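# Inside the fold
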Amino acid sequence: MKCTLTALTIAATMFANSASAFDPAHLQRLIDTNRCVGCDLRKATLAEEGYGFANLRGANLEGANLSRTHLDDANLYGTELEGANLYQSGLTDARLDGANLRGANLAGTLMWKTSLIGADLTGANLEGAYMLGAILCNTIMPDGSVIYSGC
């Protein structure tokens, strides 16, 4: 009985962890091709890597660690980045249109000329973020206000 209970506990733990973790094959695809459209990269660690010009359109990066990652010119259109850590990352000329960045850490991030059309930044940390030339059209800001300029 004790062995059965232990086996069931281990199986339940493995299932729970797999339900909230990224798909390793998707991460390998990104590494190999710099492209992973619609991939599941939840809670993946991509910190301090270079993914310039990457195509991550529609990917799920919820809770991912992208601190100090280079994503310049990346296509992040419609990505799920809720709670992601993008501390001091490079997003120059990146496209984050329609992205969910609720509660994301964007402190110290370089977002020069980044497109954030229709993005949701509710509760995001933008302390020290450099956003000169960023396109903020129908963008929900951290305080819940909506920016309509630049449309």
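This structure is a prediction, so every number in the text was calculated from the model and none was measured.

### Some thoughts on the overall build of the protein
When its secondary structure is counted, the protein shows two helices and two strands. For the protein, with 151 residues in total, the buried portion stands at 38%. Considering only contacts in the protein between residues 6 or more positions apart, those separated by 24 or more positions represent 1%. About 7,800 Å² of surface is accessible on the protein, with carbon and sulfur atoms providing 57% of the total.

### Section: the state of the cysteines
On inspection of all chains with the given rule, the structure shows one disulfide. Here Cys36 pairs with Cys39 through a disulfide, and the sulfurs are 1.6 Å apart. Across the S-S bond of Cys36 and Cys39 the torsion is about -80 degrees, and the bridge reads as left-handed. Since its relative accessible area comes to 0%, Cys36 is described here as buried.

### Re the environment of Thr122
Within the secondary structure, Thr122 is located in the loop between α2 (24–33) and β1 (139–140). Taking the relative accessible area as the measure of exposure, Thr122 reaches 22% and is therefore partly exposed. When near neighbours in sequence (up to four residues on either side) are disregarded, Thr122 contacts Leu101, Arg102, Gly103, Ile140, Met141 and Pro142. Among the polar contacts listed, one links the side chain of Thr122 to the side chain of Arg102, at a separation of 3.5 Å. At a separation of 2.5 Å, a polar atom in the side chain of Thr122 contacts the side chain of Asp120.

### Overview of the nonpolar core
In this structure, Leu56, Leu86, Leu91 and Leu101 are the most contacted members of the largest nonpolar core, which totals 37 residues. Not counting residues within four places of it along the chain, the set of residues in contact with Leu86 comprises Leu66, Ser67, Leu71, Leu91, Leu101, Ala104, Asn105, Leu106 and Thr109.

### Some remarks on the side chain of Thr69
The residue Thr69 is located in the loop between α2 and β1 in this model. When residues no more than four places from it in sequence are discounted, the contact partners of Thr69 are Leu46, Ala47, Glu48, Glu49, Tyr51, Ser89 and Gly90.

### Some details on the side chain of Thr139
Among the structural elements, Thr139 can be located in strand β1. Here Leu116 takes part through its backbone oxygen, which lies 2.6 Å from a polar atom of the side chain of Thr139. Residue contacts for Thr139: discarding those within four places in its chain leaves Leu116, Ile117, Gly118, Ala119, Leu121, Ser145, Val146 and Ile147.

The rules behind the values
Residues numbered from 1 in each chain as written. Predicted model: local features only at pLDDT ≥ 70, side-chain atom pairs only at ≥ 80, totals over all residues. Heavy atoms only, no water. Helix = DSSP H or I, 4+ residues; strand = E, 2+ residues; numbered from the N terminus. Buried < 20%, exposed > 50% of the residue type's maximum accessible area, 1.4 Å probe, protein only. Contact = heavy atoms within 4.5 Å. Areas by Shrake-Rupley, 256 points an atom, 1.4 Å probe, with all protein chains shown as cover. Disulfide = S-S within 2.5 Å. Polar contact = N/O pair within 3.5 Å; in protein donor to acceptor, adjacent residues only side chain to side chain. Core = buried A, V, L, I, M, F, W, Y, C linked by side-chain atoms within 4.5 Å.

The analysis is restricted to geometry; functional conclusions fall outside its scope.
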